[in-house]
Every structure is written in C-alpha cells, then in structure tokens.
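# Residue-level structure breakdown
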Amino acid sequence: MKKRYLLLLLFSLTACLQDQQFSLPYLGYTPLDQNDNWQLASPAAEQMDSSLLEQAYELVYSDERFLMARSLLVFRNGKLVAEAYPNDLDDIQKIYPIQSCTQSITSILVGAALQQQLLDSIQTPLYDYYPNEFDTDNRKQTITLEDALKMQAGLAFDNSRQTKVLYTTKGSSVGYVLQQDYKFVAGTQTKYNNGAPQLVSAVLSSQTQQPLVDFARQNLFTPLGIEHWQWENAKDGTTFGAFGLQLRPRDLGKIGQLLLQKGSWNNQQWIDSSYLAEATQIHTYLPAFATAPYGYYFWIIPQYHAYAMVGDGGQFVLVAPDQNLVAVYTAGAYTNPAFFDNRMELIDLLIKSCN
Amino acid sequence: MRHTLLIALLYGYFGGSLTAQADSTQLLKNINNSIAINIGWHQVKDENIHRKVHEGVQYGLAYSHLRTPKNRLQFSSQLQYARLRTEYEPTPTSTSVQLYLHGNYAWRCLEAETYQLYLGASAVAQYRFYSFPNWDESHVYWADDISLGLSSYFDWQIADKRQLMVTFQASLVSLFSRPAAYRNQKIDDLSFGGVLSKMHSNWDIGTLNKAIGLHFKLEYQIELSAQLTQAFSYTARYHRLEGNNSAAWQQIEHNVGVQLYF
C-alpha cells in the first residue's frame with residue numbers, strides 16, 4: 001500500500017502541462033469551392049509565384065510570431081487563389097471580430113452616403129449634424145467630419161482608458177466623446193483613437209435617419225451578398241464606428257474587392273469613387289505607430305501604392321491596385337502589439353508573389 | 001476515455017487490498033481546525049486563447065475544519081493567487097485567483113496498528129478567475145466547477161508523534177462554467193457585478209469526458225501537543241474542463257505548504 005502511494009507521489013511530482021503546436025499541421029492553401037460566388041483559380045493561372053505564397057502560408061502555420069492566426073486569403077484578378085485556416089478549418093464559416101478594420105468600413109460608408117448624396121461634403125462641421133451633443137467649449141464646434149476621419153478632432157480621447165467607458169456608457173456615446181478636453185486645434189494634430197469614428201458613425205446616423213448598422217446592411221453588405229455579420233451598437237443605439245464588426249474572412253475579401261473596383265459591384269456604383277481615392281491617399285501620419293502614413297481610416301503603404309484596413313491582432317485587408325491583389329489576414333484579436341505586429345512581413349511576401 | 005480508465009485503475013489499485021486490522025492511534029483525533037500557507041507552481045492552458053501554457057509562482061492560504069471521531073468529516077477552503085506568463089512574455093502579466101471550497105465525508109475502511117484508510121465522497125466548488133491582459137484585455141476568463149466525486153485518506157504513523165497522510169480525490173460528475181470560445185461582444189462587463197454574473201453563465205454538465213479533477217496531497221505531521229500538530233505538505237492538482245461551446249482548459253498546480261492543526 002505504502003509503495004503504491006509513493007508511486008502516486010512520483011507520478012504527481014512529474015506532472016506538467018506542455019505547450020502545444022498552435023496551429024493545425026500544414027495543409028497547404030488550395031481554396032475549396034463553397035458556392036459563395038467566389039471564382040477559384042490557381043496561383044499559376046493568375047501569374048503568382050507559388051514559392052513566395054508558400055512562404056507566407058508557412059509563416060501563419062508554423063511561425064510563433066503568428067500564433068494567433070486564423071485565416072489568410074489571397075485574391076488576384078477577382079479570383080480566390082489561396083486560402084488557409086490554420087487554427088480551425090471551421091473558421092471558414094465563422095464570423096470573427098475584425099477590430100479596428102471596422103473603422104475602414106465606417107469610412108467606406110461615408111463614401112456610400114456621399115454616393116447617395118446624403119452627405120454634402122466631409123468639410124462640414126460636426127456641429128451642423130448634432131449641435132445638442134456639444135458642451136460649452138465653443139472651440140469644438142469647428143471640428144469637421146474630415147478632421148474626425150483623419151484622427152485630428154483635437155479631443156483628448158485615450159483608448160486605453162476611455163474605450164471601455166465609451167463601450168459601457170448609458171448616456172450619449174457621441175456626447176461622451178465630445179466632452180473630452182479639447183487639447184489641440186482640430187486638423188493640426190493626429191491622435192489615433194476610438195472616439196473619432198464614433199463621431200463619424202453619428203454623422204451617418206443623423207444623415208441617413210437610421211443606425212449605421214442598418215445603413216451598412218442596405219448599402220454594403222446586402223449588395224455584396226454578405227449575409228453573416230454582426231455589428232455592435234453603443235447603449236444609446238449608435239453603432240460603434242471604431243470596432244464591434246464581425247465578418248467571415250471570405251466576406252472581408254469582398255470588401256477588399258469592392259475597394260479594388262473603386263466602389264463598384266455588379267456594375268453598380270455603391271461607393272463614391274472620388275471619395276475612395278481621397279480616403280486611400282496619405283493625409284497624415286500616426287505618431288503612435290512609427291509615423292505610419294494614414295488616410296481616412298486606411299493605412300497607406302506608399303512603397304507598393306497600396307493600402308490596408310488594419311485591426312488588432314495584426315489583422316489586415318490589403319488592397320494593392322497595381323497588382324490587382326486583395327489579401328485578408330485575420331487573427332486572435334486582442335493581443336499586445338509586441339506579439340503580433342508582423343503584418344508587413346506577410347504583405348511583402350504577398351505583393352512580391354505577384355508577377 | 002483514457003482519463004476514466006486511469007481513475008478507475010487508481011481506485012482499484014488502492015482499494016483492492018482492504019482487510020480488517022487492529023485498532024490504532026491517530027494524531028488528529030482531538031483536533032478540529034487547521035490553517036495553512038503554501039507556495040507553488042501553477043500552470044494553465046486555456047485553448048479559448050491559444051494552446052500555450054501560462055505558468056508562474058502561486059501563493060495560497062487555507063483553512064480546514066475536520067472531525068475524525070471514527071469516520072472523517074472535513075470542510076476546507078483555500079484561496080490561491082498566482083502571477084503567470086507564457087514563454088513569449090518577459091515578465092508575468094497574467095493573473096489567476098482561485099477559491100476552493102471542499103466538503104468530504106469518508107468512512108474508515110481499514111485499520112491497523114500504524115495506519116488507517118478512509119474512503120468516501122467529496123463535494124467541491126471551485127471558482128477560478130483569470131486575467132490575460134497581453135492576450136485579451138477586454139474579456140473575462142474563468143473556469144468554475146461544482147463537482148461530486150470520491151475521496152480517500154491514508155494515515156500512516158511512521159514514528160512516535162509522527163504521521164504521514166496521503167489524500168487522493170477525484171471528481172466524477174461536474175457542473176461547470178466556462179466562457180464561450182467565440183464571444184459576440186468586444187468588451188465584457190468588467191464591473192464586479194458583471195464579472196460575477198459572467199462567472200455564473202454558460203453552464204455545462206459532464207462526467208469524465210468533459211470534466212476531470214484530481215487532487216493528491218502528501219502531508220508529514222508532527223504532534224507538538226495533544227491540541228497542536230504541525231504539518232508540511234505537498235499538493236498536486238490537475239483539472240480539465242471542456243464545454244460544448246468552449247475550448248479545452250487545463251490546469252496543474254504543485255504546492256508545498258506549512259499547516260498548523262489546532
């Protein structure tokens with residue numbers, strides 16, 4: 001009996017948990033037909049270098065810097081040429097938070113409102129849309145829609161502290177953003193934050209007479225055939241402009257393709273093309289992100305004449321017009337940037353794979 | 001299935017040689033309470049985040065109330081705190097706080113001059129809260145369970161006023177709560193009430209296919225007086241939960257402690 005307990009003691013003393021491989025075994029990147037209107041093609045047929053593509057997929061399957069990877073999809077010439085779900089094959093069917101890529105969708109919807117002439121100009125002061133939301137600091141009345149789109153509203157909104165308050169506040173979410181101290185003259189200083197897109201969302205709600213989520217359904221998701229999605233509203237009913245949207249990876253590809261097609265889908269213009277051209281130009285640089293070039297909620301990649309939607313977890317939707325290329329990378333979304341910010345390594349490989 | 005077999009084998013192994021023995025003495029027969037402090041190594045792998053191990057030093061406090069006139073009745077509570085890190089993090093940034101509440105009743109099945117064996121049942125409530133700010137600063141993580149199972153105690157008097165006690169417990173059926181692997185909201189309600197509410201949501205029920213709890217403790221007891229006994233202990237615990245809509249969670253704890261019975 002005593003020896004048996006000693007054996008049990010030895011057994012327990014040596015017990016420990018082991019790290020496991022974070023992804024499935026390498027399964028390649030050949031897309032499967034899902035009857036979702038995406039035309040499939042091989043990399044060779046679309047003049048892509050398979051060896052470079054393979055390097056990109058090996059990164060997301062087995063490089064520990066990409067341990068939160070959930071999908072990598074590559075579209076060229078309007079066709080899906082490569083696709084993998086290294087964490088779980090079922091991720092192909094799952095909606096997943098795209099985090100701050102949501103901001104780019106908000107920007108696209110500004111283009112949709114301009115296309116329908118629901119907005120006159122992005123130079124209009126926000127005060128004209130919702131004067132009752134402003135406090136007594138009259139200087140804030142000069143903030144324009146464009147200032148908000150460039151993250152230059154001048155308000156002292158600190159993401160690390162105030163995003164959670166914005167998320168939980170029971171009062172007006174726009175009022176909460178606008179009550180922050182006016183630290184800089186609008187249009188002069190860039191501060192990346194989750195408050196400014198809320199101001200933009202409220203403008204769109206005000207002009208379309210509906211929450212942004214409903215406007216998005218009618219003017220973006222339904223036209224593109226995107227059926228599975230979810231977008232959170234603040235407690236006051238205003239859709240979050242900076243985050244809260246969940247989409248499937250292939251549907252994110254449709255958004256990228258819409259951008260590549262300058263806002264046109266099925267021969268109909270849904271987004272103002274001149275606005276999109278402006279939104280994807282460099283308007284400022286983000287000091288908090290190594291002075292990254294920035295448009296209207298799009299991250300600009302000037303060396304490739306390309307741009308991207310970017311979200312936490314290293315997620316991105318790359319649009320490279322010169323290569324007629326769209327790429328989607330989704331990942332576990334909430335990690336410290338020190339663990340995930342390697343997107344340019346993937347983007348370099350994907351763009352260079354285009355012959 | 002492998003876990004079920006393991007537990008069945010362990011119980012068969014330790015329970016298989018029970019025979020009637022003569023009466024014996026025990027150190028704790030006049031003692032009803034104990035307090036303990038412990039320190040140890042804590043490992044947790046929550047696949048809702050990823051398949052990497054968070055680990056770090058753990059500290060704990062425990063209190064027990066026990067009665068051992070013939071059979072053994074014990075209630076114990078334990079609070080554990082740990083700071084955890086993965087291999088990617090230079091310093092521990094994650095936190096684990098755990099509260100264990102145990103109740104056991106065991107019958108004396110075997111007695112000899114120098115040892116006794118008790119076999120019985122246990123009820124356990126375990127609350128475990130985790131914060132992983134580097135991986136998910138916006139959501140609450142937890143692994144709670146209320147389990148019923150088997151327990152055994154083996155007391156072995158190795159010298160005058162010296163005794164070894166071996167405890168082994170295993171859960172058989174558990175009601176447990178885990179966060180869903182896919183959450184629809186960007187940020188959980190992180191207020192006290194919100195966290196408490198979350199920690200009592202998404203319940204699942206399961207036996208060994210979904211919920212495993214194993215507890216092993218070795219204790220060296222030294223009688224200081226009729227009313228006071230000191231003990232040094234080593235404890236190992238393993239738990240695994242996997243719900244219908246949550247990924248697998250596993251935890252191993254190794255603790256050494258000092259305990260005072262009074």
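It should be emphasised that the depicted structure is a prediction, and the values quoted were computed from it without experimental measurement.

### Digging into the environment of Lys70 of chain B
All names here are of chain B. In this fold, Lys70 is placed in the loop between strand E2 (54–67) and strand E3 (72–84). For Lys70, a relative accessible area of 48% corresponds to the partly exposed category. The spatial distance from the C-alpha of Lys70 to the C-alpha of Lys29 is 8.6 Å, given a sequence separation of 41 residues. With residues near it in sequence (within four places) discarded, Lys70 still touches Arg108 and Tyr118.

### Remarks on the nonpolar core
Ranked by internal contacts, the top residues of the largest apolar core, which has 138 residues, are Ile105, Leu109, Tyr130, Phe221 and Trp231 of chain A. Broken down by element, this core gets its largest block of residues, eight residues, from helix H3 (residues 101–115) of chain A. In this structure, Leu109 of chain A is in contact with Leu204, Leu212, Phe215, Ala216, Leu220 and Trp231 of chain A, ignoring residues within four places of it in sequence. With 17 residues, the next largest nonpolar core counts Leu17 of chain A together with Phe168, Ala236 and Ile252 of chain B among its residues.

### Focus on the interface of chain B and chain A
At the interface, 47 residues of chain B touch 40 residues of chain A. In total, about 4,200 Å² of surface goes out of reach between chain B and chain A, with carbon and sulfur atoms giving 61% of it. Taken together, the connections running from chain B to chain A amount to one salt bridge. Applying the counting rule to chain B against chain A returns 16 residue pairs in polar contact (both at pLDDT 80 or more). The class makeup of the residues in the side of chain B that touches chain A is 25 nonpolar, 12 polar and 10 charged.

### Quick look at the confidence of the model for chain B
Confidence along chain B averages 88 in pLDDT terms, with 90% of residues attaining 70 or more. In the predicted structure, residues 1–25 of chain B sits below a pLDDT of 50 and forms 50 contacts with residues beyond four places in sequence or in another chain.

### A look at the packing of aromatic side chains
One pass over the structure, following the stated rule, counts 26 aromatic pairs over all chains. Note on Trp38 of chain A and Phe75 of chain A: the rings are 4.4 Å apart at their centroids and 40 degrees apart in plane angle, and the pair reads as tilted. Remark: Phe75 of chain A occurs in strand E2 (residues 69–76) and Trp38 of chain A occurs in the loop between helix H1 (2–13) and strand E1 (39–40); sequence separation between them is 37 residues. Exposure class is identical for Trp38 of chain A and Phe75 of chain A. Each is buried. Here Phe157 of chain A and Tyr176 of chain A contribute two aromatic rings whose centre-to-centre distance is 6.3 Å and whose plane-to-plane angle is 80 degrees, an arrangement assigned as edge-to-face. Within this pair, whereas Phe157 of chain A is found in the loop between helix H4 (145–149) and helix H5 (159–168), its partner Tyr176 of chain A is found in helix H6 (residues 173–178), the two being separated by 19 residues in sequence. We note that Phe157 of chain A, like Tyr176 of chain A, is buried. An aromatic cluster of at least three residues, connected via ring pairs, comprises Tyr192, Phe289, Tyr294 and Trp299 of chain A. Here the basic side chain of Arg72 of chain B rests over the ring of Tyr153 of chain B, its NZ or CZ set 4.1 Å away from the ring centre. Taking NZ or CZ as reference, Lys186 of chain B lies 4.9 Å from the ring centre of Phe243 of chain A, over its face.

### What about the side chain of Asp137 of chain A?
Relative to the elements of secondary structure, Asp137 of chain A occurs in the loop between H3 and H4. Within polar-contact distance, the side chain of Asp137 of chain A engages the side chain of Arg139 of chain A at 2.9 Å.

### Focus on unusual backbone geometry
Residues and elements named next belong to chain A. Here Gln99, not a glycine, exhibits a phi torsion of approximately 55 degrees, which is positive. Secondary-structure assignment places Gln99 in the loop between strand E4 (96–97) and H3. Judged by relative accessible area, Gln99 falls into the buried class, the value being 3%. Of note, Tyr297 is a non-glycine position whose phi angle comes to about 65 degrees, a positive value. Structurally, the position occupied by Tyr297 is in the loop between strand E10 (292–294) and strand E11 (299–301).

### Examining H3 of chain A
With 15 residues, H3 of chain A extends 21 Å from end C-alpha to end C-alpha; this agrees with the ideal 21 Å at 1.5 Å per step. Count one or two residues on from H3 of chain A and you reach Gln117 of chain A, which has phi positive near 60 degrees.

### Points about the pattern of salt bridges
Scanning the entire structure with this criterion turns up 24 salt bridges over all chains. With a shortest N-O distance of 3.9 Å, Lys254 of chain A and Asp251 of chain A are connected by a salt bridge. Placement of the pair is Lys254 of chain A and Asp251 of chain A together in helix H9 (residues 249–260), with a separation of three residues, close to one helical turn. When its relative accessible area of 6% is taken as the criterion, Lys254 of chain A is described as buried. A relative accessible area of 7% means that Asp251 of chain A is categorised as buried. Linking Arg128 of chain B and Asp145 of chain B is a salt bridge whose minimum nitrogen-to-oxygen distance equals 2.9 Å.

Rules used in this analysis
Residues numbered from 1 in each chain as written. Chains lettered and ligands numbered in written order. Predicted model: local features only at pLDDT ≥ 70, side-chain atom pairs only at ≥ 80, totals over all residues. Heavy atoms only, no water. Helix = DSSP H or I, 4+ residues; strand = E, 2+ residues; numbered from the N terminus. Buried < 20%, exposed > 50% of the residue type's maximum accessible area, 1.4 Å probe, protein only. Contact = heavy atoms within 4.5 Å. Core = buried A, V, L, I, M, F, W, Y, C linked by side-chain atoms within 4.5 Å. Buried area = accessible area lost by both parts, 1.4 Å probe. Salt bridge = Lys/Arg side-chain N within 4 Å of Asp/Glu carboxyl O. Polar contact = N/O pair within 3.5 Å; in protein donor to acceptor, adjacent residues only side chain to side chain. Nonpolar A, V, L, I, M, F, W, Y, C, P; charged D, E, K, R; others polar. pLDDT = per-residue confidence, 0-100. Phe/Tyr/Trp six-rings, centres within 6.5 Å; stacked < 30°, edge-to-face > 60°. Lys NZ or Arg CZ within 6 Å of the ring centre and 35° of its normal. Expected span 1.5 Å × (residues − 1).

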